[in-house]
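A look at the structure
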Amino acid sequence: MIRGTVVGQVWATRKARGLDGRTLLVVAARDADGNPSGRLVVAIDVLDARTGDEVTVALGSGARNVLRPGPENRDLLCDAAVAAIVEGEG
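Remember, it's a predicted structure, so these values are computed and weren't measured experimentally.

With respect to the nonpolar core
Of all hydrophobic cores here, the largest spans 12 residues; its members are Ile-2, Val-6, Leu-25, Val-27, Ala-29, Val-41, Ala-43, Ala-49, Val-55, Val-57, Ala-80 and Val-82. Those elements giving two or more residues to this core turn out to be strand S1 (2-10), strand S2 (23-30), strand S3 (36-45), strand S4 (54-59) and strand S5 (80-86). The element contributing the most residues to this core is S2, with three residues. Setting aside residues up to four positions removed in sequence, Ile-2 forms contacts with Ala-29, Arg-39, Val-41, Val-55, Thr-56, Val-57 and Leu-59. The next biggest cluster of nonpolar side chains, apart from the first, holds eight residues, and it includes Leu-19, Ile-44, Ala-63 and Leu-76.

Written as structure tokens, this is what we have:
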């Protein structure tokens, strides 16, 4: 899991099957001290996060669990998903 700031959105004329209707956000990750790490992550958003929002992003199987909890989610095309919007900071 990483923490970062939403810096933009990915627009696509075509998406992989299963991603239709999903919003893809660009998140600038932070290191453990809260400083920008220089890493950008594209994450599926299910929480309607906006540019400038502080978020946590789940990676790998954790990202699939954000979209569909449980063991029957291995068919999902997802490696990063916004898991939470951090309130009161930024």
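Thoughts on unusual backbone geometry
Look at Asp-48: it is not a glycine, yet its phi comes out positive at around 60°. Along the chain, the position of Asp-48 falls in the loop between S3 and S4.

Overview of the pairing of S3
Judged from the seven bridges that link them, S2 and S3 form a sheet pairing that is antiparallel. Within the sheet, the bridge partner assigned to Val-27 lies in S3 and is Val-41. From the end of S2 to the start of S3, which pair antiparallel, there are five residues, and Gly-34 there has a positive phi angle of about 90°.

Structural notes on the pairing of S1
Pairing between S1 and S4: four bridges, direction antiparallel. By the bridge assignment, Arg-3 is partnered in S4 with Thr-56. As defined by bridge partners, S1 adjoins S2 across six bridges and the pair is classed as antiparallel. In the sheet register, Val-6 faces S2, and the bridge partner there is Val-27.

Observations concerning the pattern of salt bridges
In the structure shown here, the tally under the stated rule is two salt bridges. Put simply, Glu-54 and Arg-30 hold a salt bridge, and the shortest N to O gap is 2.7 Å. Separated by 24 residues along the polypeptide, Glu-54 in strand S4 and Arg-30 in strand S2 bring together distant segments of the chain. Assessed through its relative accessible area of 29%, Arg-30 is described here as partly exposed. Two residues, Arg-68 and Asp-75, come together in a salt bridge whose shortest N-O distance is 2.9 Å. For Arg-68, a relative accessible area of 32% gives the class partly exposed. For Asp-75, a relative accessible area of 56% gives the class exposed.

Analysis parameters
- Counting starts from 1 at the beginning of each chain's written sequence and moves along it residue by residue.
- The model is predicted, so local features are restricted to residues of pLDDT at least 70 and side-chain atom pairs to those at 80 or more, both for listing and for counting; the totals for chains, interfaces and linings are taken over all residues.
- For side-chain calculations, the full set of non-hydrogen atoms in the structure is used, while hydrogens and water are omitted.
- To qualify as a nonpolar core, a set must consist of buried Ala, Val, Leu, Ile, Met, Phe, Trp, Tyr and Cys residues joined through side-chain atoms within 4.5 Å.
- A simple rule labels every residue: compare its accessible area, found with a 1.4 Å probe on the protein chains alone, to the largest value its type can have, and call it buried under 20%, exposed over 50%, or partly exposed in between.
- By the criteria applied, helices consist of DSSP H or I runs no shorter than four residues and strands consist of E runs no shorter than two, each listed in order from the N terminus.
- Only heavy atoms matter for contacts: two residues are in contact if any of them lie within 4.5 Å across the pair.
- Strands are labelled as partners when DSSP assigns at least two bridges between them.
- By salt bridge we mean one thing: a side-chain nitrogen of Lys or Arg within 4 Å of a carboxyl oxygen of Asp or Glu.

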